[in-house]
There are 2 protein chains.
Amino acid sequence: MFKIRLLVSALALAGSLSVANAWETLPTEAPAPADNPTTPEKVELGKMLYHDPRLSSTGTVSCSSCHNTMLGGEDNRPNSMGVHGQTGGRSAPTVWNSAFNSVQFWDGRAPSLEAQAAGPVTNPIEMGMKSWDDVVARLKAIEGYDKAFEQAFGKDAISKDNATKAIAAYERTLITPNSPYDQYVNGNKAALTTQQVSGMTKMEELGCTGCHSGPALNGGGAFQRFPVIGNDYFEAQYHFKKDQGLAEVTKNEADAHLFKVPTLRNIALTAPYFHNGSVKTLEQAVTVMAKVQLGKDLSKDDVADITAFLNALTGEFPKQTMPQLPGTPGKTFN
Amino acid sequence: MFKIRLLVSALALAGSLSVANAWETLPTEAPAPADNPTTPEKVELGKMLYHDPRLSSTGTVSCSSCHNTMLGGEDNRPNSMGVHGQTGGRSAPTVWNSAFNSVQFWDGRAPSLEAQAAGPVTNPIEMGMKSWDDVVARLKAIEGYDKAFEQAFGKDAISKDNATKAIAAYERTLITPNSPYDQYVNGNKAALTTQQVSGMTKMEELGCTGCHSGPALNGGGAFQRFPVIGNDYFEAQYHFKKDQGLAEVTKNEADAHLFKVPTLRNIALTAPYFHNGSVKTLEQAVTVMAKVQLGKDLSKDDVADITAFLNALTGEFPKQTMPQLPGTPGKTFN
């Protein structure tokens, strides 16, 4: 975690410099790690696995149940509902453009999409599988997966490693380019309203872009403390501090309340807000962020302008075909 | 319910005649009622509604959660899991080819797909919405649905009636033609193996086709008593009689244990079997049906042959694009 904290310090420093923000458009392709280059076969397999509820103990929860590819990439709930109706303490982050986070999960504990994909499947309140050995056994029992894994990885390739690689490869294709914001940055000045441009300018002046920078407006997926400035009123309302963030993993007090900076891409579609989903509206999220991160009280107009701008960050969702999942002829797991 | 019972009597009679079964292929289009002709706009809207989890109280359960369009049209569970992890007593029937059932639900209580679609949404253990008024209010609050309803039905068209019509119109497109069985009936004698042809012949000789007749091998979705012949051993194992079928609705003893005859199309993909999902494998389902419906003990070869034939009833699933569901910018229901 030493590297992580170095990154935090670097970012805190960067945030304090008052340089003009370089507004950037979203790439249409995401970089892939050297050991998992993106191929159409992996993407197709990953799409199947991502939408297959048989990766959960009850056969009712797929990755897409909480990170819904038909919606804003999550479930619009304060906390997701896993197997047997169980809920946890955090709000599902969007899968759209998650390829542009350098770390994954709210607490950033996974260094890659591959590592992230392994987690929820065996989390007892999420997908509830006892072990990845059990997952692999299921996948081997489903006729059709063998062929799909072979096409993606070669013979006898059904494994935890390849399953998570395929899911990550699919997720790297979940990119929403060409938002009004991107069109504006690309030179189409009519793509944003005057109010939206005003909101964009205010975000820079206030310092929002100190963290929400880069193509995905997430500082590349860096860590940041939240909240920075204590506020009894908001804390009583929203209980932000109950969650220790990165310190829940590292047990190191220096990591208390460190969270991955979330992308602002499609933020209008992903209410409720913050790691615990306790803030219901985008306006309130803007108000709270300005106060507890930057120590600023926004006027009604400021909030309206910034919210208008945030609505311009909704991109174009690629048309996808539904995967037809291979069956288990004549038998079932449940 | 008088008409229903007439139908049962007529079918019992038909079943007792030993005429050769007319094997029929599946039409590629389903008939629609006069007041709900199928249009592309309705189908598109219906597909959105069918996959939208916001039609449930928790925002976690869509029609597709239990009647999964990426699988065999159901969830491969003995009973489905609704909001808050609740389960009921019956196994979700497949949505594929449900357009060819003259009645819907296991107990046949809905005379149409439109009537069926209204049910689960407000069932407290399924999708858990308090009322259709609440559903309509949600749909009105989701920007984007207004336009989709307008394209399908005209101005200010968001209503229970139109929502269920759209869902039914979509479901009428969920047809799986061109199974090996259909190819065989169409003259391609190589489409079935010798064993499968043997199973097909045995189904006719044994009397299975007395009920499982017609293009969907469901007697058009007629009613039939189940079980017909008491069997203490199977009853102790599978508890079929705990469910009164149609009599649960009509409270009429004459309707006890009447169920809609399920389609055999894609039956290999819809384990576990029967109204209560208590039978895990297709082989066991064949054995039990022969014994309690026809009073016949099948040999191992009979079971293997018939199971082989049933595997030939898996059709081709149409390629579908995923609907991108309209968002609720900046706010949420949950």
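Residues numbered from 1 in each chain as written. Chains lettered and ligands numbered in written order. Predicted model: local features only at pLDDT ≥ 70, side-chain atom pairs only at ≥ 80, totals over all residues. Heavy atoms only, no water.

Caption draft 1: Seen up close, the overall build of chain A. Scanning chain A from N- to C-terminus turns up 13 helices and 2 strands. Computed over C-alpha atoms, the radius of gyration of chain A comes to 20 Å, within 12% of the 20 Å expected from 2.2 N^0.38 for 334 residues, which places it in the range of a compact globule. By principal-axis analysis of the C-alpha atoms, chain A measures approximately 65 × 45 × 35 Å. Of all 334 residues assigned to chain A, the portion counted as buried reaches 56%. The contacts in chain A between residues at least 6 apart in sequence include a share of 71% that link residues at least 24 apart. Entry remark: accessible area of chain A is about 13700 Å², with carbon and sulfur atoms responsible for 54%. (Helix = DSSP H or I, 4+ residues; strand = E, 2+ residues; numbered from the N terminus. Rg over C-alpha atoms; globule rule 2.2 N^0.38 Å. Buried < 20%, exposed > 50% of the residue type's maximum accessible area, 1.4 Å probe, protein only. Contact = heavy atoms within 4.5 Å. Areas by Shrake-Rupley, 256 points an atom, 1.4 Å probe, with all protein chains shown as cover.)

Caption draft 2: Local environment of the nonpolar core. Leu-49 and Tyr-145 of chain A together with Leu-49 and Tyr-145 of chain B are the most contacted members of the largest nonpolar core, which has 78 residues in total. Sequence-distant contacts of Tyr-145 of chain A, defined by excluding residues within four places in its chain, comprise Leu-45, Met-48, Leu-49, Asp-52, Arg-54, Leu-139, Ile-158, Leu-325 and Pro-326 of chain A. (Core = buried A, V, L, I, M, F, W, Y, C linked by side-chain atoms within 4.5 Å.)

Caption draft 3: Representation of unusual backbone geometry within the structure. Looking along the chain, the bond that leaves Ala-271 of chain A and enters Pro-272 of chain A is cis, with omega of -5 degrees. A cis amide bond links Phe-226 of chain B to the next residue, Pro-227 of chain B, at an omega of -5 degrees. Relative to the elements of secondary structure, Pro-227 of chain B occurs in the loop between strand E1 (223-225) and helix H10 (232-238). At Lys-251 of chain A, a residue that is not glycine, the phi angle is positive and equals roughly 60 degrees. Counting through the fold element by element, Lys-251 of chain A comes out in the loop between helix H11 (247-250) and strand E2 (258-260). Take Lys-251 of chain A: its relative accessible area is 69%, and that puts it in the exposed class. The backbone phi angle of Phe-274 of chain A is positive, close to 75 degrees, even though this residue is not glycine.

Caption draft 4: Highlighting the relation of the copies chain A and chain B. Expressed as a screw operation, the relation of chain A to chain B combines 0.0 Å of axial shift with a rotation of 180 degrees, fitting to an RMSD of 0.0 Å. When the rotation and shift are considered jointly, the pair of chain copies conforms to a two-fold rotation axis. An overlap of 100% is found between the interface residues of chain A and their copies at the interface of chain B, pointing to a shared contact surface. (Least-squares fit on C-alpha atoms with pLDDT ≥ 70 in both.)

Caption draft 5: Region of the structure containing the domain arrangement of chain A. Residues and elements named next belong to chain A. Per the domain assignment, the segments of chain A are domain 1 (2-27 + 177-311) and domain 2 (40-171). Measuring from the centre of the C-alpha atoms in domain 1 to the corresponding centre in domain 2 gives 27 Å. Contacts between the two partners involve 27 residues from domain 1 and, on the opposite side, 22 residues from domain 2. Of the roughly 1900 Å² buried where domain 1 meets domain 2, counting both sides, 55% is carbon and sulfur surface. Where domain 1 packs against domain 2, one counts 1 salt bridge. (Domains from an automatic or database assignment. Buried area = accessible area lost by both parts, 1.4 Å probe. Salt bridge = Lys/Arg side-chain N within 4 Å of Asp/Glu carboxyl O.)

Caption draft 6: Spatial organisation of the UniProt feature "binding site: heme c 1" (unreviewed entry) in chain A. Residue and element names in this part refer to chain A. Mapped onto this structure's residue numbering, the UniProt feature "binding site: heme c 1" (unreviewed entry) falls at Cys-63, Cys-66 and His-67. Here Cys-63 lies in helix H3 (residues 63-66). Mapped onto the elements of the fold, His-67 is located in the loop between H3 and helix H4 (113-118). Owing to a relative accessible area of 18%, His-67 belongs among the buried residues under this scheme. When sequence neighbours within four positions are dropped, the list of residues in contact with His-67 reads Tyr-50, Gly-73, Glu-74, Ala-92, Pro-93 and Val-95. (UniProt positions renumbered as here; feature names shortened; annotations may be inferred.)

Caption draft 7: Here's a closer look at the pattern of salt bridges. For the structure on display, the rule yields 22 salt bridges over all chains. The residue Asp-297 of chain A makes a salt bridge to Lys-291 of chain A at a minimum N-O spacing of 3.0 Å. What makes Lys-291 of chain A partly exposed here is its relative accessible area of 23%. Across the pair Lys-155 of chain B and Glu-150 of chain B runs a salt bridge, and its minimum N-O distance is 3.5 Å. Note on Glu-150 of chain B: relative accessible area 33%, which makes it partly exposed. Among the ionic contacts, a cluster of salt bridges with common partners joins Arg-90, Asp-107, Arg-109 and Asp-243 of chain A.

Caption draft 8: Structural detail: the interface of chain A and chain B. Taken together, the contacts link 45 residues of chain A with 45 residues of chain B. Here chain A packs against chain B, burying approximately 3500 Å² in sum over the two surfaces, 61% of which is carbon and sulfur. Sorting the residues of chain A by area buried against chain B places Met-70, Met-322 and Gln-324 of chain A first, and these three jointly supply 21% of that buried surface. Residues belonging to the side of chain A that touches chain B are distributed by class as follows: 19 nonpolar, 19 polar and 7 charged. (Nonpolar A, V, L, I, M, F, W, Y, C, P; charged D, E, K, R; others polar.)

Caption draft 9: Expanded view of helix H5 (residues 132-141) of chain B. Residues and elements named next belong to chain B. For H5, every residue scored as buried is listed here: Trp-132, Val-135, Val-136, Arg-138 and Leu-139. Projected down its long axis, H5 shows its buried positions confined to an angular sector of 160 degrees, all on one face. Across from the buried face of H5, at angles greater than 90 degrees, the exposed residues are Asp-133 and Lys-140. Of the surrounding secondary structure, the elements contacted by the buried residues of H5 are helix H2 (40-50), helix H4 (113-121), helix H6 (145-153) and helix H7 (160-171). The distance from a side-chain oxygen at the start of H5 to the backbone nitrogen of Asp-133 is 3.3 Å, and the residue carrying that oxygen is Ser-131. (Arc of directions from axis to C-beta. Polar contact = N/O pair within 3.5 Å; in protein donor to acceptor, adjacent residues only side chain to side chain.)

Caption draft 10: Up close: the environment of Ala-110 of chain B. Residue and element names in this part refer to chain B. Structurally, the position occupied by Ala-110 is in the loop between helix H3 (63-66) and H4. A residue is classified by how much of its surface remains accessible, and Ala-110, at 3% relative accessible area, is buried. What Ala-110 contacts, discounting residues up to four positions off in sequence, is Val-103, Gln-104, Phe-105, Ala-115 and Gln-116.

Caption draft 11: Geometry of the packing of helix H9 (residues 194-206) of chain A against helix H13 (residues 300-311) of chain A. Residue and element names in this part refer to chain A. Two numbers describe how H9 lies on H13: the axes approach to 7 Å, and their chain directions differ by 105 degrees. Considering their axes alone, H9 and H13 lie roughly perpendicular with respect to each other. Facing Gln-195, Gln-196, Ser-198, Gly-199, Met-200, Lys-202, Met-203 and Leu-206 of H9, the residues of H13 in contact are Asp-301, Asp-302, Ala-304, Asp-305, Ile-306, Ala-308, Phe-309 and Leu-310. Within the contact of H9 with H13, the residues separate by chemical class into 8 nonpolar, 4 polar and 4 charged. (Axes fitted to C-alpha atoms, helices over the stretch in contact; angles between N-to-C directions. Parallel < 35°, antiparallel > 145°, perpendicular 65-115°, else oblique.)

Caption draft 12: Representation of the side chain of Asn-334 of chain A within the structure. For Asn-334 of chain A, the location among the structural elements is in the segment after H13. Contact partners of Asn-334 of chain A, with chain neighbours within four places excluded, come to Ser-57, Thr-58, Gly-59 and Arg-138 of chain A together with Asn-76, Arg-77, Pro-78, Pro-272 and Lys-280 of chain B.

Caption draft 13: Main features of the packing of aromatic side chains. Per the counting criterion, the structure on display carries 28 aromatic pairs over all chains. Ring geometry for Trp-23 of chain A and Phe-309 of chain A: centres 5.7 Å apart, planes at 70 degrees, overall edge-to-face. Highlighted residues: Trp-23 of chain A in the loop between helix H1 (2-16) and helix H2 (40-50) and Phe-309 of chain A in helix H13, separated in sequence by 286 residues. Among the residues examined, Phe-309 of chain A registers a relative accessible area of 0% and is labelled buried. An angle of 55 degrees between the planes, with centres 5.5 Å apart, marks the rings of Tyr-233 of chain A and Phe-234 of chain A as tilted. An aromatic cluster is present here, built from Phe-226, Tyr-233, Phe-234, Tyr-238, Phe-240 and Phe-274 of chain A joined pairwise through their rings. The ring centre of Tyr-184 of chain A lies 4.3 Å from the NZ or CZ of Lys-189 of chain A, which sits over that ring. The cationic tip of Arg-109 of chain B hangs over the ring face of Phe-105 of chain B; the distance from NZ or CZ to the ring centre is 3.7 Å. (Phe/Tyr/Trp six-rings, centres within 6.5 Å; stacked < 30°, edge-to-face > 60°. Lys NZ or Arg CZ within 6 Å of the ring centre and 35° of its normal.)

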